[in-house]
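One letter stands for each residue in the lines below.
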Amino acid sequence: MILTIFKKDLKLFFADRKGVLLTFLMPILLITLFAFAFGGIGGGSSKAEPIKLLVSDLDNSSDSKSVIASLQALRELTLIPKEVIEATNLVHKGKNVGVLILKKGFQDSISAGNNLPMELKYDAAREIEMGMLQSVLMQSLMSTVGQKSIKAKMNTYFDTNFSGMPQEMKEKIFNNMDAIKGGMNTSAENNMGLKMTSIVKESTKIGNLGLIQAVAGTAIMMLLFSIAAIGGGLLDEKESGTLKRLFYSPLKPTDILFGKMGAALVLAILQLVVMFVFSWLVFGLPIFKDFTSLVLMILATAFAVSSFGIFLVAIAKTRQQLQGLSTIVILTMSAIGGSMIPLFVMPAIMQKIAVVSVNYWGIQGFYDIFWRSLPLIEILPKMGILVAIGLVMTLISVLLFKRNVLKLMHN
Amino acid sequence: MIQVSNLSKSFDTIHAVNNISFSIRKGEVFGLLGPNGAGKSTIINLMSTILKSDEGEILINENDIKQNSTICKQLIGVVPQEISLYDEFSAVDNLIFWGSLYKVPAKILKQRIKNILKLIGLYDRKDDLIKTYSGGMKRRINIAAALLHNPEILFMDEPTVGVDPQSRNKIFEIIETLNQQGITIVYTTHYMEEVERLCKRIAIMDAGKIVAQGTQTELQKQSNVKEAVQITFQLISEVQLEQLQSQLQIKINQSEQKIIIECDVNKDLSNIISICNKSNLRIKDIKLKKANLEAIFLSLTGKQLRD
C-alpha cells in the first residue's frame, strides 16, 4: 500500500514539468548567485570596478594638481571633478561613495609641514567601499605629498630644537627615511590631516545602519513570501471549485484578481506597519522622523510587493509550481536586492544588477528616509519606480490570469 | 426557455461536445443522462457562460449567452459538481457571500437565506462551520448557494455524487419542491434512477453527442427496447409451450424451462399468469424486464451506463 502511494506521488510530481524544473533549478541558481555575490566566481581573476571618487580642488595649486594627477593614475580609482556643494549633495543621495576636498592652503601647508587641509566626506552606508578607498588614498597621498610634508615638518623641528644642525646631517636623516618609512606611516597619515566626515551621520544623528538594513531588508523579503502565500489561496480556490463557482456569478475575472490583490495589498500594508512599529518599540527606529515619507514608502512598497505576489500566482498553475517559483524568485530578488546581504558588501556588478529587484527600491527608499534623511521630493522617484513595478506586474498578471487560470479551470 | 443549437466544444483533440441540439421548456426538469466523460458538465459550463463554444448557439429566454452573458447569469443558478463552499465559514456566512455576488439587497438576502435554509432542513445548523457538516448536508448547502438570487433556471451538475440514500432522497424532495415553485431544472447525472424519478424529458449523451432525447416513453420507442416477462416453470413440454403460444398470441423465446414473453407488463401480466394456471403450468419464478433507461442506453450505445 505504501509503495502504491509512493509511486502515485512520484508520478504526480514528475507529471508537473515546470514544478520539477523549478525544484532542481532553484538550488543551482541560488548556489551560483551566492557564489557570485561573494566573489567566488572566476577564482578572483575578475577585475574589480574602480571606485568613483568625486574631487573638489579648492587650492588649485601645483601640489593639489599633482595629488589629483597621481590619484587619477591609480586603476583602483576614477576621479570625477565636481564643485563641493554638488559633490556633497551626490554623496548625500548615495550616488557616490565620497568626495575628496583639497582646501585652500593645501600647497602652503605642505611647504610649512603643517597638517594638510583636506577632507573626505563619505557615505557611511558604503562602509566596505570606504575602507578600500581610504587605504588607496593614504598610499597615494603618502607617495606624493606625504614625504615632502614630513621633510618640511622635520626640518622645522630640527631648526627649532637643534638650531645649527648641519644641513649634511639633516640630508643624511632624510635619506634614511625610506628605511624607517614603514614605521612612520601611521603617524604620517595622522599628521597629513585627512579629515574623515560621514555626511549622513552629521546630518541625521542616527547611527544604526544595521538596524535599518535589517528592518527594511527583512520586511520586504518576508512580505514577498507572505503575499505569494496569500495569492496562493487563488490556486486553492481553483482546486476546491470555489473559483469556478465565482465565475458562474456575474463577476468578471478581473474582479476576482483585483479582489485578491486588494486583500494582499491591505495585508502587505499591515505587515509593514507592524514590522516598523515593532522596530520602533523594540529597537527605537525613529518612524516618526519623516512620517509622511514613511507612509508613502510603505504604500508604494506594499503595492509593488502585492502585485509581484499576484504575478507569481498568475504564472503558476499548481500549488507545487507556486511553491518552487516563489522560493526561487523571492530568494533571488532578496539576495540581489540587498535583503539578505547589504548591497555595499557586494561587488559593483551585483550592485548594478540589484536595480531589477523590488527589494532594492524598497530598501533604498527606507535608507533615504532613515539613513540619508532625504526630503520627500528626493525619495519620490524611488516610490515612483515601485508603483511602476506594481502597475507592470498587475498588467501582466491580468493577462496571465485570463490565459492560465481560466483555461485550466476547464481542464 | 433554453434553446441549444448545433453546439460544439473541443479541448485540443477531444470533442467534448459534438454538434448537439436540444430545447428545454419552462418549468420542466430536463435530464442529461450519460456516463462520465459524456460531455454533460461541459454543456452545463457552456450554458452557464463560463465556457465559450467553438460552434453553435445557446439562447436563454431568447438571450444569446455570448452577447448577453450578464443577463443570462442572473437568470440561472448553478449547482456545481464539487462542493464549492468555504469550509472555514458557517453555512449562513457562505450563503451571505454567494448571495452578495448577485447584489441581492442585504435585507432580502437575509430573508431568502432563512427560507432556503428551512427548505433544505438546515436552519438549525446555520451557524455551524461547513467543515463540521456531513457530505449530504454540504450538498444541500451547495444547492442553497445557487438559489439566493431567485434564478428562473437551475443547472444541477450531478448534485448527489457521494451522498447516502437518505440525503439523496432529501435532495430529490428539494428539487421537486423547487420545480413546483416554477424553477426550470437541468439535471445531469449518470444515475438512471434519478432521471427516472425527477425528469420529464431526458437527453441521453455518449461521447459528446446526444444519442436520443424525449420522454421516457419516446426514448423507449426510439430505442426499440421492449418490456418483457421471464417465467421459469417447474416443467414445461413442447406441446404445452405451443398451446401457451397460441393462447397468448405473442412471441415467446424459450430456453430450457424458462420462457421470455415480450409484452406490456402492466397490461398483460395478469392474463399471462391466468393462462398458465389454466394450462396447469406450475410457475417457479417470474422476473419483470422493464424497458428502463439502463436498457435503453444499452440498446442505443451498446454500452452499460456506468462503463
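Residues numbered from 1 in each chain as written. Chains lettered and ligands numbered in written order. Predicted model: local features only at pLDDT ≥ 70, side-chain atom pairs only at ≥ 80, totals over all residues.

Topic: the overall build of chain A
When helices and strands are tallied, chain A shows 17 helices and five strands. Burial statistics for chain A: of 411 residues in total, 37% are counted as buried. For chain A, contacts bridging at least 24 residues in sequence account for 80% of all contacts bridging at least 6. (Helix = DSSP H or I, 4+ residues; strand = E, 2+ residues; numbered from the N terminus. Buried ≥ 20, exposed ≤ 12 C-beta atoms within 10 Å, placed from the backbone. Contact = placed C-beta atoms within 7 Å.)

Some thoughts on the overall build of chain B
Across its full length, chain B carries 11 helices and 14 strands. Long-range contacts, defined here as pairs at least 24 residues apart, represent 71% of the contacts in chain B between residues at least 6 apart.

Considering the confidence of the model for chain A
Per-residue confidence for chain A gives a mean pLDDT of 77; residues scoring 70 or more make up 80%. Long-range and interchain partners of residues 202-207 of chain A, a stretch whose pLDDT sits below 50, account for seven contacts in this model, where long-range means more than four residues apart. (pLDDT = per-residue confidence, 0-100.)

Digging into the pairing of strand β7 (residues 153-157) of chain B
Residue and element names in this part refer to chain B. Counting buried positions over the five residues of β7 gives five, a clear majority of the element. Burial of the side chains of β7 extends over both faces: I153, F155 and D157 are buried on one face and L154 and M156 on the other. The pairing of strand β6 (residues 76-79) with β7 spans four bridges and is parallel. Counterpart to V79 in the pairing with β7 is M156. (Pairing = 2+ DSSP bridges.)

A word on the nonpolar core
Membership of the largest hydrophobic core comes to 139 residues, with the highest contact counts inside it found for L224(A), V305(A), I141(B), A144(B), F155(B), V186(B) and I204(B). Top contributing element to this core by residue count: helix α13 (residues 291-315) of chain A, with 14 residues. Other than its neighbours up to four places away in sequence, A144(B) contacts L95(B), I116(B), L117(B) and I120(B). If you look at the next biggest cluster of nonpolar residues, it comprises 27 residues, including V55(A), L77(A), V97(A) and I110(A). (Core = buried A, V, L, I, M, F, W, Y, C linked by C-beta atoms within 7 Å.)

Description of the sheet that holds strand β2 (residues 14-24) of chain B
Residue and element names in this part refer to chain B. The sheet built from four strands is open, its strands ordered β2-β1-β4-β5 with antiparallel pairing. For this open sheet the edge positions go to β2 and β5 (63-64), each flanked by a neighbour on one side alone. Strand direction decides the pairing type here: strand β1 (residues 2-11) and β2, joined by seven bridges, are antiparallel. Counterpart to K9 in the pairing with β2 is V17.

Things to note about the interface of chain B and chain A
At the interface, 15 residues of chain B touch 12 residues of chain A. Sort the elements by how many residues they give to the side of chain B that touches chain A and helix α2 (residues 69-75) of chain B lands first, with three residues. Its residues assigned to classes, the side of chain B that touches chain A comprises eight nonpolar, five polar and two charged. (Nonpolar A, V, L, I, M, F, W, Y, C, P; charged D, E, K, R; others polar.)

What about unusual backbone geometry?
Residues and elements named next belong to chain B. You will see that T49, though not glycine, has its phi angle at about 75 degrees, which is positive. Its place among the elements puts T49 in the loop between α1 (40-47) and β4 (55-60). According to the C-beta neighbour criterion, T49 is buried, with 21 such atoms within 10 Å. In this model, N150 sits at a positive phi of 55 degrees, which is unusual for a non-glycine residue. Relative to the elements of secondary structure, N150 occurs in the loop between α5 (135-144) and β7. N150 sits in the partly exposed class, given 14 other C-beta atoms within 10 Å.

Some details on the environment of I113(B)
With respect to the helices and strands, the residue I113(B) is situated in helix α4 (residues 106-119). Look past the residues within four positions of I113(B) in its chain and what remains in contact with it is V92(B), L95(B), I96(B), G99(B) and L148(B).

Considering the packing of helix α10 (residues 209-240) of chain A against helix α12 (residues 253-283) of chain A
All names here are of chain A. Orientation of α10 relative to α12, taken along the N-to-C sense of each, is 155 degrees, at an axis distance of 9 Å. Relative to α12, the element α10 lies roughly antiparallel. When you trace α10 past α12, the crossing you get is right-handed. Contact with α10, carried on its side by L211, V215, A219, L223, S226, I227, I230, G231 and L234, involves K260, A263, A264, L267, A268, Q271, L272, M275, F276, S279 and F283 of α12 and no other residues of that element. Partitioning the contact of α10 with α12 into residue classes produces 15 nonpolar, four polar and one charged. (Axes fitted to C-alpha atoms, helices over the stretch in contact; angles between N-to-C directions. Parallel < 35°, antiparallel > 145°, perpendicular 65-115°, else oblique. Left-handed = near helix turned anticlockwise from the far one by under 90°.)

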